[in-house]
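Observations on the three-dimensional arrangement
Read off the chains here:
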Amino acid sequence: MLQETRLHRIRALLSTFSRIGTEQIIKELGISRETARRDIIELEAQGLAKRVHGGLVALDTAPEPPLRVRSTVMAKEKRAVARAAAQLLLPGQTVFLDAGSTTTMLAEELRTMSGLTVITNSLNAALQLSAAEEHETLNNQVILLGGSLQAGAQETRGELTVGEIFRYRADVALLSPVGIEQNFGASSFHPHEAAIAGAMARQASRLILLADHSKLGVSSRMNYASIRQVSTLVTDRGAAALSAFLALEQVVPQVILA
């Protein structure tokens, strides 16, 4: 596992627990004590955490990076996950997509399919799915959920968006969480994202989570789906050696390595 990936996962743990021990880092990431020590030193050197006896303390709880930043991180892995997830869908299905870098890539993949009804709050996903000349017929029906827009936002949000979700029933919800953990399930950092993802999960017959390996074993601030609700987890091949992946394999009915 690359150090960049390890540091991202350690920071995600810090955002949840504020203080984490060296033993917890070793267990969650499946790394040696010496590697954990080097990562702890590096996080402190970057000013992102403070070393204390036995572990790390968060200096501040940082929110998830904006979508434009997330789209450049683990891009190859996210693309592989998106392609594998697209293969799970069938013409005639109604699907929910939430707003995220991986689900935006999934929307690009779905343009080659036909016969789907895609319901999303993601402006980027809707634009990807509707990219065509005016005289052309779209392969899929695209429904963009209404709601509020914030400065720089690339998704609709708020009570109106959640209310609209409950008007629909979907065959599948394809969601991209901040983290998935075997005990706590799927989670997001922002309450508005968790509310939307949670509503989509409840209104779908099947829940598929799209998560690159850096998100495995991570629990962020707001849980929106229990592990029992998850039908399928699609992750990348970098997850295979992780202890968090092995734990999730035991509790998720279907796990796909892309």
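Here the structure is a predicted model, which is why all the values come from computation and not from measurement.

1. Remarks on the environment of Gly21
- Within the secondary structure layout, Gly21 lies in strand E1 (residues 19–21).
- Classification of Gly21 as partly exposed rests on a relative accessible area of 25%.
- When the C-alpha atoms of Gly21 and Leu160 are compared, they prove to be 41 Å apart, with 139 residues separating the residues in sequence.
- Every residue in contact with Gly21, bar those within four places of it in the chain, is listed here: Gly54 and Gly55.

2. Looking at the domain arrangement of the protein
- Annotation of the protein at the domain level lists domain 1 (3–65) and domain 2 (73–257).
- Computed over C-alpha atoms, the centres of domain 1 and domain 2 are 27 Å apart.
- Of the roughly 1200 Å² buried where domain 1 meets domain 2, counting both sides, 53% is carbon and sulfur surface.
- Counting across the domain 1 and domain 2 interface gives zero salt bridges.
- The interface formed by domain 1 and domain 2 contains two residue pairs in polar contact (both at pLDDT 80 or more).
- For the side of domain 1 that touches domain 2, the secondary-structure elements that each account for two or more residues are helix H1 (3–17) and helix H2 (22–29).
- At seven residues, the largest contribution of residues to the side of domain 1 that touches domain 2 is made by H1.
- Per-class residue counts for the side of domain 1 that touches domain 2 are five nonpolar, six polar and four charged.

3. Some words on the packing of helix H5 (residues 75–86) against helix H6 (residues 101–110)
- The geometry of H5 relative to H6 is characterised by a closest axis approach of 8 Å and an angle of 50 degrees between their N-to-C directions. In terms of orientation, H5 and H6 fall into the oblique class. Crossing of H5 over H6 shows right-handed handedness. On H6, the residues that touch Ala75, Lys78, Arg79, Val81, Ala82, Arg83, Ala85 and Ala86 of H5 are Ser101, Thr102, Met105, Leu106, Glu108, Glu109 and Leu110.
- Along the lines of polarity and charge, the residues of the contact of H5 with H6 split into eight nonpolar, two polar and five charged.

Thresholds, definitions, all that
Residues numbered from 1 in each chain as written. Predicted model: local features only at pLDDT ≥ 70, side-chain atom pairs only at ≥ 80, totals over all residues. Heavy atoms only, no water. Helix = DSSP H or I, 4+ residues; strand = E, 2+ residues; numbered from the N terminus. Buried < 20%, exposed > 50% of the residue type's maximum accessible area, 1.4 Å probe, protein only. Contact = heavy atoms within 4.5 Å. Domains from an automatic or database assignment. Buried area = accessible area lost by both parts, 1.4 Å probe. Salt bridge = Lys/Arg side-chain N within 4 Å of Asp/Glu carboxyl O. Polar contact = N/O pair within 3.5 Å; in protein donor to acceptor, adjacent residues only side chain to side chain. Nonpolar A, V, L, I, M, F, W, Y, C, P; charged D, E, K, R; others polar. Axes fitted to C-alpha atoms, helices over the stretch in contact; angles between N-to-C directions. Parallel < 35°, antiparallel > 145°, perpendicular 65-115°, else oblique. Left-handed = near helix turned anticlockwise from the far one by under 90°.

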